[in-house]
Amino acid sequence: MSWITIVWSMNAAACLTLASIFFVAWCKQRESWVHLIFSCIALAAAAIAVFELQLIHADTPQEYGAILRWRYVPVWALVVSLVGFTRLYLRAGRSWLAWSACGLKTLTLILNFISTPNVHYREITALRQLSWGGEMASVPLGTPNHWSLVNQVTLLLLLAFFIDATIIVWRRGDRQRALLVGGSIIFFGVIVAAQVMLVVWGVIQVPFVSSFAYLGIVAALGYQLCDDTVRAAQLARKLDASQAALLKTERDLEIAASAVGLALWAWDVAHDEVWLSNQARALYGFSPSEKLNTQRIRRVVHPEDREVVRKAVENSLQTGAENPAEYRVVLPDGRIRWVARRSRTEFDSNGNAIWMHGVLFDVTERRLAEERFRLVVDAAPAAMIMANKEGRMTLVNKRAETLFGYKRDELIGQPVEMLVPERFRSHYVSFREGYFGDAQARPMGAGRELFGQCKDGSEVPIEIGLNPVHTSEGLCVLASIIDISERKQAELEAARQRHELAHLLRVTMLGELSGSLAHELNQPLTAILSNAQAAQKLLAGDAVDVSELREILAEIVDEDKHAGEVIQRLRVLFRKGEVGHHFGNLDISQIVQDVLKLMRNDLVIHDVTVQTELAENLPAVQGDRVELQQVLLNLMLNGCEAMADCDSSERQLLITSGMENGAVRVSVTDRGGSIPEERMERVFEPFFTTKANGMGLGLSVCHNIVKAHRGNIWVTNNAEGGATFHFSLPARSQAQKNNT
Ligand code: ADP
C-alpha cells in the first residue's frame with residue numbers, strides 16, 4: 001500500500017471518526033442541531049476523500065467521469081451543510097444569499113447528473129498516468145463543460161455568503177469564531193475551488209486533493225465545537241461550585257434567620273414557584289418535600305385574611321414596597337397560627353416583577369395577648385378607645401361603638417378628633433401632643449365639662465380617664481370614656497324637684513302665713529285709717545295745725561310702705577322662681593328681724609316668747625333673702641309646734657347667731673321634746689314627719705336651700721330638753737373665693 005492510499009484513507013478515517021463522535025453527541029443532546037450538521041459535514045468530507053482515492057486509481061476515462069459525477073453528491077451535501085452550520089452556529093449570513101447559493105448548488109447537482117460525464121467535463125478524452133508519491137495517479141485530460149459556469153457562480157455566491165457571515169461575527173466581537181469557522185471555510189473553500197478549476201481547465205495536471213482542504217474545514221469546525229464543549233464543561237464546573245457556595249450561603253442564612261425566629265421565603269413570579277426554608281415550611285405546616293406555588297399557600301391562609309394577603313402581594317408587585325402584613329394560617333390539624341410577613345420585590349429591565357423574597361415570623365403569642373387585651377377592653381363597662389401618637393384610633397370597644405353610634409370599622413384608623421365637637425378640636429390637638437410629651441395616667445380636662453360628638457351630630461357629656469399603654473406599635477393612649485348624660489339628667493331632675501318642693505312649701509305655708517300676713521296688713525291699714533280719720537277731724541276744725549297734719553300724712557305714707565312691703569313679700573313667696581336668681585349680700589341679723597316681724601302673729605297665737613342673742617358685726621352672707629327667710633321661718637314654726645304641749649312659761653324660743661369655722665351660724669333653740677338619736681338625720685329627708693297633719697317637707701326644703709347656698713344644716717338636742725336647729729352659711733369673703 002502506497003502512502004497516497006494511507007494518507008487519503010487516514011483523511012477519510014479522521015473525518016468519519018469526528019462524524020461519529022458528533023453524531024453520538026447529537027443523539028445525547030437532540031436539541032443541539034449544530035452537532036448533527038457538523039457530523040454531516042465530516043461524513044461528506046470522508047466520502048469526498050474516498051472518491052478522490054478512487055479517482056487516483058481510475059483506469060479509464062469513463063470510470064473517471066462516473067466517479068467524478070458521484071463525488072459531486074458529498075460535495076453538494078458538504079456545501080449545503082456548511083451553509084446551514086454557519087446560519088445556525090454563527091447566527092450570521094444573509095439568508096437570501098444562503099438560499100440562492102444552496103439553490104444553485106442543487107441545480108449544479110442536477111446538471112451534474114444530466115451532463116455526461118459530469119458537470120465539470122463535456123468529455124474526458126484520456127487519463128494521464130503520473131508518478132505521484134511513489135505511486136501512479138490518474139489525471140484527467142478533456143474538454144471543460146460549459147455548465148461548470150453555474151458551479152462557478154455558485155462558488156461566488158457561497159464566497160459572498162461566508163464573507164458576509166464572517167464580517168458580522170467579527171464585528172460582534174466573537175473573533176475566534178469568525179476566524180476559525182468563517183476564516184477556515186473561506187480559506188479552504190477558495191483553495192478547493194481554485195484547484196478544481198485549474199485541473200478542469202487543464203492549467204495544472206494533478207489529481208484532485210480537495211478532501212484535504214475539506215479536512216482543514218472539518219478540523220477547524222471540530223476544534224471550535226470541542227472548544228465550546230470544554231468551555232461548557234468548565235462553566236458547568238464553575239456553576240456547580242457556585243451553586244454549592246450558594247447552597248452553603250442559603251444554609252448559613254437559614255441558620256442565622258432561624259436563630260432569631262425568622263423563616264425565609266422566595267417566589268419566582270414568572271414560573272409561580274415558591275421556595276420556603278424548613279422553618280417556613282414548619283410554620284405553614286407543609287412537608288419538607290411538597291412542591292409549592294401561590295395557590296397552595298393561599299389555601300392555608302385563613303379565609304378571612306386572604307384579602308389582606310392578596311392586597312399586600314399586589315402592592316408589592318406594583319410598587320416594590322415592603323408591605324408588611326399579618327395573617328392567620330390554618331395548620332393541617334386545624335390550629336391557627338399568626339404569621340407576619342415582610343417582602344422585597346426584584347424587577348427586570350422592563351419593570352416586570354421577577355422575584356419576591358422575604359421573611360416570615362410567628363407572632364401568635366403577641367396576637368393572642370393582644371386578643372385577650374381586646375376582649376378585656378371589649379368587656380369593660382366604659383367606652384374605651386386606644387389612639388396612637390398620630391391621634392389615630394387603633395382599638396375601639398363595643399361600648400364606644402354604642403356611645404358614638406359608629407361601627408368599629410368606621411373608627412379604626414381615623415383621627416380621634418372626629419369624636420370631638422368642632423369648637424374643641426383645635427385645643428384637643430395641642431392637648432394630645434402635650435400628653436405624649438409627659439404620658440401618665442390622669443383624667444382629661446379636669447374641672448372642665450367635656451363633650452363627645454356622635455355620628456348623628458349630637459353631643460354627649462363625658463368624663464375621660466387617660467392611660468399610657470406601650471404596644472408593639474409604640475406608645476399609645478387608652479382613653480376610658482364615661483357617658484355622664486344620665487348623671488347630668490339626674491342632677492337636673494334633682495334641681496327641678498328642689499324647686500317643686502320649695503314651691504310646694506310656699507303653698508303649704510300659705511295657710512300659716514295668710515293669718516300672719518292679714519294681721520301684718522291689718523296693722524298698717526288700721527294705722528292708715530285712724531291717721532286718715534284724725535286728719536279729717538283736724539281739717540274739719542277751725543284752726544288747722546299744719547305741722548300735725550304733716551306728721552299724720554308722713555305716718556300714713558310709712559304705714560302704706562309697710563303694707564306694700566308685706567304684699568311684695570307675699571308675691572315673692574308665691575312666685576315659682578329659680579334658686580339663686582336673687583343672690584345678694586345679706587345681713588343675717590336683718591333676716592332674723594324680718595322673720596320675727598312675719599312671725600309676730602303666730603308667736604302670739606302659739607303663746608311663744610322669743611329671745612335673740614345676735615352677734616354684732618357679723619360678715620355678710622351671699623344668698624336669696626326670701627329663701628333664707630323661709631328657712632328661718634320654718635325652723636321657728638317647727639319650734640313653736642314642738643312646744644305646743646308645754647306650759648306657756650316654757651314656750652320660749654331662743655335665736656342666736658355667731659361665727660363658726662369661718663361661716664355665719666344661726667341657731668333656733670326650743671324647749672319642746674328632743675329628737676331621738678336615730679331620727680337626727682332622717683328629719684331632713686323629704687316626707688319624714690311625726691305630725692298628724694305634717695307633710696315632712698319643711699326641713700327637707702330647708703336642707704336643700706341651705707345646701708344651694710353652700711352651707712350646712714344640722715340639729716342637736718339640748719341638755720335641758722328640746723332641740724336646736726342650726727344652719728351655717730359661708731361668710732361673704734369665703735363665698736366669693738369659692739365662686740372664683
Ligand atoms: P312637718 O311638716 O312634718 O313638720 P318638717 O320637715 O318640718 O315636716 O319636720 C319633719 C319632722 O322633724 C317633724 O315631723 C318632727 O318629727 C321633726 N321636727 C322638726 N322640728 C322639730 C323640733 N323643733 N323639735 C322636735 N322635732 C322636730
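This structure is a prediction, so every number in the text was calculated from the model and none was measured. (Residues numbered from 1 in each chain as written. Predicted model: local features only at pLDDT ≥ 70, side-chain atom pairs only at ≥ 80, totals over all residues. Heavy atoms only, no water.)

> Could you give an account of the packing of helix 3 (residues 61-90) against helix 5 (residues 148-172), naming the residues involved and the relevant values?
Contact pair helix 3 / helix 5: the axes reach a minimum separation of 11 Å and the direction vectors enclose 25°. The orientation of helix 3 relative to helix 5 falls into the category roughly parallel. Like other packed secondary-structure pairs, helix 3 and helix 5 cross with a definite hand, here left-handed. Contacts between helix 3 and helix 5 involve Tyr72, Val79, Leu82, Val83, Thr86, Arg87 and Leu90 on the former and, on the latter, Asn151, Leu158, Phe161, Phe162, Ala165, Val169 and Arg172. (Axes fitted to C-alpha atoms, helices over the stretch in contact; angles between N-to-C directions. Helix = DSSP H or I, 4+ residues; strand = E, 2+ residues; numbered from the N terminus. Parallel < 35°, antiparallel > 145°, perpendicular 65-115°, else oblique. Left-handed = near helix turned anticlockwise from the far one by under 90°. Contact = heavy atoms within 4.5 Å.)

> Residues and numbers for the environment of Ile4, please.
With respect to the helices, strands and loops of the structure, Ile4 is situated in helix 1 (residues 3-28). The exposure class assigned to Ile4 is buried, which follows from its relative accessible area of 0%. C-alpha separation for the pair Ile4 and Arg367, spaced 363 residues apart in sequence, amounts to 91 Å. If we skip the residues at most four places from it in the chain, Ile4 touches Leu53, Ile56, Trp132 and Glu135. (Buried < 20%, exposed > 50% of the residue type's maximum accessible area, 1.4 Å probe, protein only.)

> With reference to specific residues and values, describe the site of the ligand.
The ligand sits among 18 residues. The nearest are Asp670, Thr689, Thr690, Lys691 and Leu699. Note that an oxygen atom of the ligand is positioned 2.4 Å from one of the side-chain N or O atoms of Thr689. Contact with the protein chains hides 90% of the accessible area of the ligand, taken as 530 Å² for the molecule alone. Residue assignment for the shell around the ligand shows that the elements contributing at least two residues are helix 18 (625-642) and helix 19 (698-708). A per-element tally of the shell around the ligand places helix 18 first, with 3 residues. Taken together, the residues that form the shell around the ligand break down as 8 nonpolar, 8 polar and 2 charged. (Near = heavy atom within 4 Å. Polar contact = N/O pair within 3.5 Å; in protein donor to acceptor, adjacent residues only side chain to side chain. Areas by Shrake-Rupley, 256 points an atom, 1.4 Å probe, with all protein chains shown as cover. Nonpolar A, V, L, I, M, F, W, Y, C, P; charged D, E, K, R; others polar.)

> Tell me about unusual backbone geometry, residues and numbers included.
For the bond running from Thr116 to Pro117, omega is 10°, close enough to zero to count as cis. Its identity is not glycine, yet Asp607 carries a phi of approximately 55°, on the positive side. Within the fold, Asp607 resides in the loop between helix 17 (588-606) and strand 15 (609-613). Among the residues examined, Asp607 registers a relative accessible area of 39% and is labelled partly exposed.

> Quick rundown of the nonpolar core? Include the residues and the values.
One finds Phe85 and Leu221 to be the most contacted residues of the largest nonpolar core, which totals 60 residues. Those elements giving two or more residues to this core turn out to be helix 1, helix 2 (33-56), helix 3, helix 4 (95-114), strand 1 (121-132), helix 5, helix 6 (175-200) and helix 7 (210-259). Considering every element that reaches this core, the biggest residue donor is helix 2, with 13 residues. Setting aside chain neighbours within four positions, we find Leu221 in contact with Phe38, Ile41, Leu82, Phe85, Leu180, Val181, Ser184 and Ile185. Counting 44 residues, the second largest nonpolar core, distinct from the first, contains Leu633, Met643, Leu653 and Phe688. (Core = buried A, V, L, I, M, F, W, Y, C linked by side-chain atoms within 4.5 Å.)

> Explain the packing of aromatic side chains residue by residue, including any values.
Applying the stated criterion to the full structure yields 14 aromatic pairs. Relative to Phe113, the ring of Trp70 lies with its centre 4.8 Å away and its plane at 70°, an arrangement referred to as edge-to-face. Of this pair, Trp70 sits in helix 3 while Phe113 sits in helix 4, and the two are 43 residues apart along the sequence. Three or more aromatic residues joined by ring pairs form one cluster here, namely Trp3, Trp8, Trp132 and Phe212. The ring of Trp26 is capped by Arg30, whose NZ or CZ atom sits 4.6 Å from the centre of that ring. For the cation-ring pair, Arg367 lies above Trp338, with the distance from its terminal atom to the ring centre recorded as 3.9 Å. (Phe/Tyr/Trp six-rings, centres within 6.5 Å; stacked < 30°, edge-to-face > 60°. Lys NZ or Arg CZ within 6 Å of the ring centre and 35° of its normal.)

> So what about the sheet that holds strand 4 (residues 273-276)? Which residues, and what values?
Taken in spatial order, the 5 strands line up as 4-3-7-6-5 in an open sheet, and their pairing is antiparallel. Bordering the open sheet on either side are strand 4 and strand 5 (325-330), each of which pairs with just one other strand. Strand after strand, the sheet turns through a mean of 30° between neighbouring axes, direction not considered. Direction of pairing for strand 5 relative to strand 6 (residues 336-347): antiparallel, over a ladder of 6 bridges. Within strand 6, the residue paired with Glu326 across the bridge is Ala340. Sitting on the sheet, helix 7 is in contact with strand 3 (262-268) and strand 4, with an inclination near 130° to strand 3. (Pairing = 2+ DSSP bridges.)

> I'd like a rundown of the pattern of salt bridges, residues and numbers included.
Following the criterion strictly, the structure yields 30 salt bridges and no others. A salt bridge links Glu304 to Arg328; its shortest N-O distance comes to 3.2 Å. In this pair, Glu304 sits in the loop between helix 9 (294-300) and helix 10 (306-319) while Arg328 sits in strand 5, placing the two residues 24 residues apart along the sequence. Counted as one network, the salt bridges with shared partners bring together Glu326, Arg366, Arg367 and Glu370. (Salt bridge = Lys/Arg side-chain N within 4 Å of Asp/Glu carboxyl O.)

> Break down the environment of Glu346 for me, citing the residues and quoting the values.
Checked against the element boundaries, Glu346 lands in strand 6. In this structure, the C-alpha to C-alpha distance between Glu346 and Cys646, residues 300 residues apart in sequence, is 107 Å. In contact with Glu346, other than residues within four places in its own chain, are Asn352, Ala353, Ile354, Trp355 and His357.

> Please give an account of the confidence of the model for the protein that cites residues and values.
Predicted confidence across the protein gives a mean pLDDT of 87, with 92% of residues reaching 70 or more. Low confidence marks residues 575-581, where pLDDT is under 50. Its contacts with residues over four positions away, or in another chain, come to 13 contacts. (pLDDT = per-residue confidence, 0-100.)

> Could you give an account of the pairing of strand 3, with specific residues and numbers?
Put simply, side chains in a regular strand alternate between the two faces of the sheet. Taking burial as the measure, the 7 residues of strand 3 include 6 buried ones, the bulk of the element. In this sheet, strand 7 (residues 353-362) lies alongside strand 3 in antiparallel orientation, the contact comprising 7 bridges. Bridged to Leu262 within strand 7 is Phe361. Here strand 3 runs beside strand 4; their pairing, made up of 4 bridges, is antiparallel.

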